[in-house]
Amino acid sequence: MALPFAQSAQAQDSLPPAPYAYKQLADPQQEAKAQALMETLRCLKCQSQSIADSDAPMAGDMRHQVRMRIAAGEDPEAIRGWLIERYGDYVSYTPQVKPITWPLFGAPVVFLALAALLLRGRFRKGDRA
């Protein structure tokens, strides 16, 4: 029973790459914009590489989307927003400050303040003895 599901997953990887997955845009300025954006987006399959560096088929599809949208005149930040909406905040290497992500930015400050208070109390005890 699991065989049909495995075949459908393998079929997606056997599709030819999207046209702009490995082909650069003709306009050097547009390609530079696309390249700069692709370096700030995470490959969802590799997770440690940007889509510019990854050879995963999904990264190729994402590169294709970025280049097609840049060629159509879309703003890179609008493309980033569309990809974040589609794949979630994890796709971007630069997380946005939102109510759900504030602990990512606030927790280090809280931990540093707590450590400073603990060290201050520890040093004060040493002075009293």
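Heads up: these notes are all about the structure in this document. Keep in mind it's a predicted model, so treat the numbers as computed, not measured.

1. What about the side chain of S54?
Okay, step 1: As for its position among the elements, S54 is in the loop between α2 (28-38) and α3 (57-71).
Okay, step 2: S54 gets classed as buried once you look at its relative accessible area, which sits at 1%.
Okay, step 3: Here A56 takes part through its backbone nitrogen, which lies 3.1 Å from a polar atom of the side chain of S54.
Okay, step 4: Leave out the neighbours within four places in its chain, and S54 touches C43, C46, Q49, A59 and R63.

2. A closer look at the environment of L44
Okay, step 1: Topologically, L44 is positioned in the loop between α2 and α3.
Okay, step 2: Between the C-alpha atom of L44 and that of A56, which follows or precedes it by 12 residues, the distance is 9.1 Å.
Okay, step 3: Every residue in contact with L44, bar those within four places of it in the chain, is listed here: M58, Y87, Y90 and V91.

3. A closer look at the state of the cysteines
Okay, step 1: This model, assessed by the stated rule, comprises 0 disulfides.
Okay, step 2: Cysteine C43 is unpaired, with the sulfur of C46 as its nearest cysteine sulfur at 3.5 Å.
Okay, step 3: On the basis of relative accessible area, C43 is assigned to the buried category, the value being 0%.

4. Re helix α4 (residues 76-87)
Okay, step 1: The end-to-end C-alpha distance of α4 is 16 Å, a good match for the 16 Å that 12 residues give at a rise of 1.5 Å each.
Okay, step 2: Turning to α4, the residues buried within the fold contact α2 and α3.
Okay, step 3: Where α4 terminates, the next one or two residues include G88, which has phi positive at roughly 100°.

5. Let's talk about the packing of α3 against α4
In helix packing, the relevant descriptors are the interaxial angle and the interaxial distance, both defined with respect to the helix axes.
Okay, step 1: At their nearest, the axes of α3 and α4 sit 10 Å apart, and the two run at 145° to each other. Judged by the sense of rotation from one axis to the other, the crossing of α3 with α4 is right-handed. Contacts from M58, M62, Q65, V66, R69 and I70 in α3 reach P76, I79, W82, L83 and Y87 in α4.
Okay, step 2: A per-class count over the contact of α3 with α4 returns 9 nonpolar, 1 polar and 1 charged.

Conventions and cut-offs
Residues numbered from 1 in each chain as written. Predicted model: local features only at pLDDT ≥ 70, side-chain atom pairs only at ≥ 80, totals over all residues. Heavy atoms only, no water. Helix = DSSP H or I, 4+ residues; strand = E, 2+ residues; numbered from the N terminus. Buried < 20%, exposed > 50% of the residue type's maximum accessible area, 1.4 Å probe, protein only. Polar contact = N/O pair within 3.5 Å; in protein donor to acceptor, adjacent residues only side chain to side chain. Contact = heavy atoms within 4.5 Å. Disulfide = S-S within 2.5 Å. Expected span 1.5 Å × (residues − 1). Axes fitted to C-alpha atoms, helices over the stretch in contact; angles between N-to-C directions. Left-handed = near helix turned anticlockwise from the far one by under 90°. Nonpolar A, V, L, I, M, F, W, Y, C, P; charged D, E, K, R; others polar.

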